[in-house]
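Chain by chain, the residues run as shown.
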Amino acid sequence: MYQAEENPRFRRAMYLMIMVLLAGYIGFKAWHLSMAFEAWEGQAIEGAVPGAAK
């Protein structure tokens, strides 16, 4: 804990690492959602499904 308080370079490096990981996570989730929506849009309902939400 003292290292982060005493060393501003270490603190900046940790903030940078957190931001890079957060950006990577957001990018990965955006890619994952885009793939899911592409798969979902390609599916067609063949006929009427009783009890299905519309």
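Up top you'll find the structure we're talking about.
A brief structural summary. (Residues numbered from 1 in each chain as written. Predicted model: local features only at pLDDT ≥ 70, side-chain atom pairs only at ≥ 80, totals over all residues. Heavy atoms only, no water.)

**Focus: the overall build of the chain**
Phase 1: For the chain, the helix and strand inventory stands at 2 helices and 0 strands.
Phase 2: The 54 residues of the chain split such that 0% are buried.
Phase 3: Working note: accessible area of the chain is about 5,500 Å², and carbon and sulfur atoms make up 67% of it. (Helix = DSSP H or I, 4+ residues; strand = E, 2+ residues; numbered from the N terminus. Buried < 20%, exposed > 50% of the residue type's maximum accessible area, 1.4 Å probe, protein only. Areas by Shrake-Rupley, 256 points an atom, 1.4 Å probe, with all protein chains shown as cover.)

**Looking at a nonpolar patch on the surface**
Phase 1: A surface patch of nonpolar side chains, amounting to about 680 Å² of accessible area, comprises Tyr15, Ile18, Met19, Leu22, Tyr25 and Ile26.
Phase 2: Relative to the helices and strands, Ile18 is located in helix H2 (residues 8-41). (Patch = residues over 30% accessible without salt bridge, like charges linked within 9 Å, V, L, I, M, F, W, Y side chains within 5 Å. Salt bridge = Lys/Arg side-chain N within 4 Å of Asp/Glu carboxyl O.)

**Some details on the packing of aromatic side chains**
Phase 1: Counted according to the given criterion, the structure contains 2 aromatic pairs.
Phase 2: With 5.7 Å between their ring centres and 45° between their planes, Phe28 and Trp31 make a pair best called tilted. Of this pair, Phe28 and Trp31 both sit in helix H2, 3 residues apart, which is roughly one turn of that helix.
Phase 3: Classification of Phe28 as partly exposed rests on a relative accessible area of 47%. (Phe/Tyr/Trp six-rings, centres within 6.5 Å; stacked < 30°, edge-to-face > 60°.)

**Observations concerning H2**
An α-helical turn contains 3.6 residues, so any two residues separated by three or four positions project in the same direction.
Phase 1: When the terminal C-alpha atoms of H2 are compared, their 49 Å separation across 34 residues agrees well with the 50 Å that a helix rising 1.5 Å per residue should span.
Phase 2: Sitting at the amino-terminal end of H2 is Asn7, which places a side-chain oxygen 3.2 Å from the backbone nitrogen of Arg9. (Expected span 1.5 Å × (residues − 1). Polar contact = N/O pair within 3.5 Å; in protein donor to acceptor, adjacent residues only side chain to side chain.)

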